[in-house]
Amino acid sequence: MAKTVADLVVERLIGWGVDTIFGFPGDGVNGLFEGLRTHQDKIRFIQVRHEEAAAFAACGYAKYTGRLGVCIATSGPGGIHLLNGLYDAKNDGQPVLAITGHTFHDLIGTYFQQDVDLDKLFMDVAVYNQRVMSPAHAVNLIDEAIKAALTHRSVAHITIPKDVQDLKTSDDERSEMNVKGHSADMYAPARPVPSDSLLREAADLINRGSRVAILVGRGCLGARQQVLELADKTAGPIIKALLGKAVVPDDSEYTTGGVGLLGTAPSQDAMEECDTLIIAGSSFPYISFYPKPGKAKCVQIDLDPTRIGLRYPPDVGLVGDCGVVLSALLPMIERKSNRDFLAKSQQRAKSWDKLMNERGTREDKPMKPQVVAYQLNRFLADDAIISTDSGTITTWAARYVRIRGDMMFSLSGTLATMANSLPYSVAAAIAYPNRQVVCIIGDGGLSMLMAELATVAKYNLNIKILVIKNNVLGQIKWEQIVFEGNPEFGVELHPIDFVKVSEACGVRAVRIEDPAEAEAAVRHALTTPGPALIEAVVDPNEPPMPGNINTTQAVKFAEAMVRGQKDAMEIMKTVLVDKIKEVV
């Protein structure tokens, strides 16, 4: 029996080891869905409620499994909806294949229904972007798309006209040059290793340094032992970009935690005081948090040669996988006898942790967001998979989720989009059904893709959803106040009863407003099997204070207060109490 183009596409995906595809059906991909239906014993389709969520889930699947993420959407609006999630994958360097439908091949460009040239629309987001023209074309393009996504750690896109999906295979349709069977479903990853002379140059520079700091990112997620050995030999504190939060445990004696506005004061102090900086697998974007150019010698390690020198001018650049490069470099690194810089960082980290614990155990009302984040951390399993959304909740997740064991942690790192964390969690629960999966999200982010609660219920996914509810777009509010010196505007949210919404979707839920209730509510949700949602109602005037506040931020804050900021007195009272607790 002759196969259709849809059969060829699905079978080639299976040949590449793809076993999961996220998406939403539509008329423009009915042929492909028939292919998925007839092959469902080998590949599973996960139906989400919005195509944006499908792309986010594919990105999250790639992040948590290290494999190709795949999503599918119909022609026109379906494909358009994928874009935000695909840009998330592109910006965070994740291999994702997007498959979309198109209108009938001989009606393209005639103003027919859902006639959107998605291959043109996807030109910026995709490193590989093609339209399938015939049965003989399909396998070749699938192979090239997958290899491109894996090689460049980015997005590939294939669009297939509706009628082409149903075309039957025939060797007679193949062009003379397109020899059947010439394309292979094989990917050979590159593992470059720098030359010995370049490694020696880097080692000599590091060995000469007296105050070494190590900035790690997602490129070091598989290199925990090498990073810890590097820290031990160099007596250098490990500073973690948020995408690299899971590189080393937060109780390691070598780490000072995160960096940037969401990071810790000890990390920022170490970055400012170091004379030698090692950047390993990170493109942390906020340049102002690096040492001043020229102040510190620098060795940078990155798999992508175009990232060398992107944020800070290195003296030596080493291109390759961080684990491989560090393994080659470590034998050349001398163990430092002077460990004063590390000791100072460790003492600062202890003081910071004490401050965070004090803020996380406050009993005053309204409940502080730190309290529920603190309690959440206490009941996380050692192999939990935590996804956080974008907003003030990112600060609480960054500071209160303490990485340990085999935990995984991610977020929309570079795009910093809202609404990613629930689809990420869906992907994590699908990939690891026996692990604890936790979604940390704000009321703004959840309301964007709230229907994905129905996805969680439909597949009975063991996802615990913590909604930090303050009825305001908090991150934007504080940016308006602290960075612009303006009173907040346009950020208030109409309240949503997420408990009722969650229960209506089939997910059990509970609300907490009293800090005395937080421990029991979080424990019950996280230790009871099945999906659950916690709506934590918190103080909207609790700011996500930076680790170190600079003069400009303080001035802008004061300007906003005197220019008519709503609840100015309550905000100043909250900030004053926080600062008093910091020094007493």
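As a reminder, the structure under discussion sits directly above these lines.
Residues numbered from 1 in each chain as written. Predicted model: local features only at pLDDT ≥ 70, side-chain atom pairs only at ≥ 80, totals over all residues. Heavy atoms only, no water.

## Here's the deal with the overall build of the protein
Then comes step 1: In terms of helices and strands, the protein carries 23 helices and 18 strands.
Then comes step 2: In summary, the protein has a C-alpha radius of gyration of 25 Å against a globular reference of 25 Å for 584 residues, a match within 12%.
Then comes step 3: Dimensions of the protein along its principal axes, counting C-alpha atoms only, are 80 × 65 × 45 Å.
Then comes step 4: When burial is assessed residue by residue, the protein has 57% of its 584 residues classed as buried.
Then comes step 5: Taking the intrachain contacts of the protein between residues at least 6 apart in sequence as the baseline, contacts between residues at least 24 apart amount to 74%. (Helix = DSSP H or I, 4+ residues; strand = E, 2+ residues; numbered from the N terminus. Rg over C-alpha atoms; globule rule 2.2 N^0.38 Å. Buried < 20%, exposed > 50% of the residue type's maximum accessible area, 1.4 Å probe, protein only. Contact = heavy atoms within 4.5 Å.)

## Some remarks on the pattern of salt bridges
Then comes step 1: Throughout the structure, instances matching the rule amount to 33 salt bridges.
Then comes step 2: The residue K162 makes a salt bridge to D27 at a minimum N-O spacing of 3.2 Å. Of the two residues, K162 is situated in helix α8 (residues 162-165) and D27 in the loop between β1 (20-23) and α2 (30-38); the sequence distance between them amounts to 135 residues.
Then comes step 3: Residue R404 pairs with D382 through a salt bridge whose shortest N-O separation is 3.4 Å. Of this pair, R404 sits in the loop between α15 (392-400) and β14 (408-410) while D382 sits in the loop between α14 (369-378) and β13 (385-388); the two residues are 22 residues apart in sequence, bridging distant segments of the chain.
Then comes step 4: Using a relative accessible area of 47% as the deciding quantity, one classes D382 as partly exposed.
Then comes step 5: One network of salt bridges, in which partners are shared, links D117, D119, K120 and R131. (Salt bridge = Lys/Arg side-chain N within 4 Å of Asp/Glu carboxyl O.)

## Some remarks on a positive patch on the surface
Then comes step 1: Together, R211, K292, K295 and K344 make up a region of like positive charge exposed at the surface.
Then comes step 2: With respect to the helices and strands, K344 occurs in helix α13 (residues 340-360). (Patch = residues over 30% accessible without salt bridge, like charges linked within 9 Å, V, L, I, M, F, W, Y side chains within 5 Å. Areas by Shrake-Rupley, 256 points an atom, 1.4 Å probe, with all protein chains shown as cover. Lys, Arg positive; Asp, Glu negative; His and termini not counted. Charge placed at Lys NZ, Arg CZ, Asp CG, Glu CD.)

## Some points on the packing of aromatic side chains
Then comes step 1: Per the counting criterion, the structure on display carries eight aromatic pairs.
Then comes step 2: Look at F284 and Y290: their rings are 5.9 Å apart centre to centre, the planes differ by 40°, and that puts the pair in the tilted class.
Then comes step 3: Overall, Y290 belongs to the buried group, its relative accessible area being 5%.
Then comes step 4: Put simply, the rings of F284, Y286, F289, Y290 and Y312 touch in pairs and so form one group of aromatic residues.
Then comes step 5: Seen from the ring of F409, K245 lies directly overhead, with NZ or CZ sitting 5.8 Å from the centre. (Phe/Tyr/Trp six-rings, centres within 6.5 Å; stacked < 30°, edge-to-face > 60°. Lys NZ or Arg CZ within 6 Å of the ring centre and 35° of its normal.)

## Some thoughts on the nonpolar core
Then comes step 1: The biggest cluster of nonpolar side chains holds 52 residues, and the ones touching the most others in it are C71, L86, I463, I465 and L533.
Then comes step 2: Top contributing element to this core by residue count: helix α3 (residues 51-65), with nine residues.
Then comes step 3: With residues up to four places along the chain from it excluded, the contact list for L533 reads L446, L453, I465, V467, F498, S502, V507, R508, A509 and V510.
Then comes step 4: Grouped together as the second largest cluster of nonpolar side chains are 40 residues, L242, L355, V372 and Y400 included. (Core = buried A, V, L, I, M, F, W, Y, C linked by side-chain atoms within 4.5 Å.)

## Thoughts on the packing of helix α11 (residues 265-273) against α13
Then comes step 1: In the contact formed by α11 and α13, the axes pass within 8 Å of each other and the chain directions differ by 155°. As far as their axial angle goes, α13 and α11 are roughly antiparallel. The handedness of the crossing between α11 and α13 comes out as right-handed. Along the contact surface, α11 presents A265, P266, D269, A270 and E273, while α13 presents F341, K344, S345, R348, A349 and W352.
Then comes step 2: Taken together, the residues that form the contact of α11 with α13 break down as six nonpolar, one polar and four charged. (Axes fitted to C-alpha atoms, helices over the stretch in contact; angles between N-to-C directions. Parallel < 35°, antiparallel > 145°, perpendicular 65-115°, else oblique. Left-handed = near helix turned anticlockwise from the far one by under 90°. Nonpolar A, V, L, I, M, F, W, Y, C, P; charged D, E, K, R; others polar.)

## Some remarks on the side chain of H102
Then comes step 1: With respect to the helices and strands, H102 occurs in strand β4 (residues 96-102).
Then comes step 2: Of note is the side chain of H102, whose polar atom sits 3.0 Å from the side chain of D117. (Polar contact = N/O pair within 3.5 Å; in protein donor to acceptor, adjacent residues only side chain to side chain.)

## Considering the sheet that holds strand β10 (residues 276-280)
Within a sheet, each strand pairs with its neighbour through backbone hydrogen bonds, oriented either parallel or antiparallel.
Then comes step 1: Read across the sheet, six strands follow the order β9-β8-β7-β10-β11-β12 without closing on themselves; strand pairing throughout is parallel. Since the sheet does not close on itself, it has two edges, and those belong to β9 (255-258) and β12 (316-319), each with one partner. The average undirected angle you get between the axes of adjacent strands in this sheet is 15°.
Then comes step 2: Pairing geometry for strand β7 (residues 212-216) and β10, over five bridges, is parallel. When the bridges of β10 are listed, V212 appears paired with T276.
Then comes step 3: Docked against the sheet, helix α10 (residues 224-234) engages β7, β8 (238-240) and β10, running at close to 165° with respect to β7.
Then comes step 4: Sitting on the sheet, α11 touches β7, β8, β9 and β10, and the angle it makes with β9 is about 110°. (Pairing = 2+ DSSP bridges.)

## A closer look at the pairing of strand β16 (residues 463-469)
Then comes step 1: Of all seven residues in β16, seven are buried; the element is thus mostly enclosed.
Then comes step 2: Alternating residues of β16 divide into I463, I465, V467 and K469 and K464, L466 and I468, and every residue in both groups is buried.
Then comes step 3: Bridge analysis of strand β15 (residues 437-442) against β16 gives six bridges, and the strand direction is parallel. Residue V437 lies in a different strand from β16, and its bridge partner there is I463.
Then comes step 4: By the bridge criterion, six bridges tie β16 to strand β18 (residues 532-537) in an arrangement that is parallel. Within the sheet, the bridge partner assigned to I465 lies in β18 and is L533.

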